[in-house]
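Chains, contacts and geometry: an overview
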Amino acid sequence: MKKQKPSFFNLHLTSNISIALVLFMVGLLTWLLLTVTNYAHRSQENITISLQLDDSITSTDFARLTAYVNATPIATHYIYISKDSALNELIQTLGDDPTSMLGYNPINASIEVYLSQRYANVDSIQKVVIPKFSSFAGVSDIIYEQDMIELMDNNIQRLLFFISVIVLVLIFISVVLINNTIRLTIYSKRFIINTMRLVGARNSFIRAPFIQKAMVNAVIGALIGIVLLAASLYFMQIQINGYTNLAELFDPTVTIPVAAIMIVVSLVINYFATLFAVNRYLRMSTDKLYFV
């Protein structure tokens, strides 16, 4: 009888594709989570507080204040707004010059301090930032938009929590699906496992080829999933923006962790699923193999 050639769509290929599709969804949501997190951090670093300066502030006090802003981890950078610049902005906003009625410029010079992400929240501003800057001579008042900052922080926390829950649920589903796929693969080899056990092979010797094959399948599945994810993101940006900014799309701070997570998740799930599946048949008697 002519020996039948293995079909291209064999069990191992089906297993690899199944693993790849599951990992693709894990990678997509993980990419979304990290992208939203990075965007949230960048948005928070646009939060500013305004240090209102006394007209009588000395050059020494001003130099001490700006030196501290440059050195402290509280701030990323600052912008100095002179009295004249502030007055011009007010005139453009109101369409009227208050100096024509008052006879003097009522606007204070100020320093717009851009906060670092760690301190860009109301709690840190009230407990750390304001006490620090209030201690400097020449600072008459500190202004910030508390309601806007609280709203931004609450929205970011809710969004990150929602996406994190979805990622965790999907990882759980991934564990179940990949575990079932591997159990079916091992199930087809249960009599081979039993034969090896009956001829005296050690359990570690029997497990070794299955685990090695599982690790290879895990890497192949993860790589396929990564390629699918990259292609999906590429075409998604073309459809949305009409162009592709590869530097922005494949940001290393996002793509490298996502790829690493996909590979690690694949390796861990494949290893333990294969280990448990093989051990199950190692402990099973020959008679029971016909009824599982």
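Considering the sheet that holds strand β2 (residues 75–81)
- If you trace the 4 strands from one edge of the open sheet to the other, you get β2-β3-β1-β4, paired in antiparallel fashion. Sheet topology places β2 and β4 (139–143) at the edges, where each strand pairs with a single neighbour. Pairs of neighbouring strands in the sheet enclose a mean axial angle of 20°, with direction left out of account.
- Where strand β1 (residues 48–53) meets β4, 4 bridges bridge the pair, whose relative direction is antiparallel. By the bridge assignment, glutamine 52 is partnered in β4 with aspartate 141.
- Where helix α2 (residues 59–71) meets the sheet, it contacts β1, β2, β3 (110–115) and β4, and its direction lies at approximately 145° from that of β2.

Points about the nonpolar core
- Counting 26 residues, the largest nonpolar core has Ile186 and Ile193 as the members making the most contacts within it.
- By residue number, the principal contributor to this core is helix α10 (residues 252–282), which donates 10 residues.
- In this view, isoleucine 193 contacts Ile186, Ile206, Phe210, Val278, Tyr281 and Leu282; residues no more than four positions away in its chain are not counted.
- Formed by 22 residues, the second largest nonpolar core is a distinct cluster that contains Leu51, Val122, Tyr144 and Ile149.

A look at the packing of aromatic side chains
- In the structure shown here, the tally under the stated rule is 6 aromatic pairs.
- The interplanar angle of 45° and the centroid separation of 5.1 Å between the aromatic rings of tyrosine 68 and phenylalanine 136 together place this pair among those described as tilted. Of the two residues, tyrosine 68 is situated in helix α2 and phenylalanine 136 in the loop between α5 (122–134) and β4; the sequence distance between them amounts to 68 residues.
- Relative to phenylalanine 235, the ring of tyrosine 234 has its centre 5.3 Å away and its plane inclined at 85°; by these criteria the two rings are edge-to-face.
- Cluster of aromatic residues (ring-pair linked, three or more members): Tyr68, Phe133 and Phe136.

Digging into the environment of glutamine 44
- Mapped onto the secondary structure, glutamine 44 falls in helix α1 (residues 11–44).
- When its relative accessible area of 6% is taken as the criterion, glutamine 44 is described as buried.
- Separated by 105 residues in sequence, glutamine 44 and isoleucine 149 place their C-alpha atoms 8.4 Å apart.
- When sequence neighbours within four positions are dropped, the list of residues in contact with glutamine 44 reads Leu115, Gln117, Ala120, Met152, Asp153 and Ile156.

Thresholds applied
Residues numbered from 1 in each chain as written. Predicted model: local features only at pLDDT ≥ 70, side-chain atom pairs only at ≥ 80, totals over all residues. Heavy atoms only, no water. Pairing = 2+ DSSP bridges. Helix = DSSP H or I, 4+ residues; strand = E, 2+ residues; numbered from the N terminus. Axes fitted to C-alpha atoms, helices over the stretch in contact; angles between N-to-C directions. Contact = heavy atoms within 4.5 Å. Core = buried A, V, L, I, M, F, W, Y, C linked by side-chain atoms within 4.5 Å. Buried < 20%, exposed > 50% of the residue type's maximum accessible area, 1.4 Å probe, protein only. Phe/Tyr/Trp six-rings, centres within 6.5 Å; stacked < 30°, edge-to-face > 60°.

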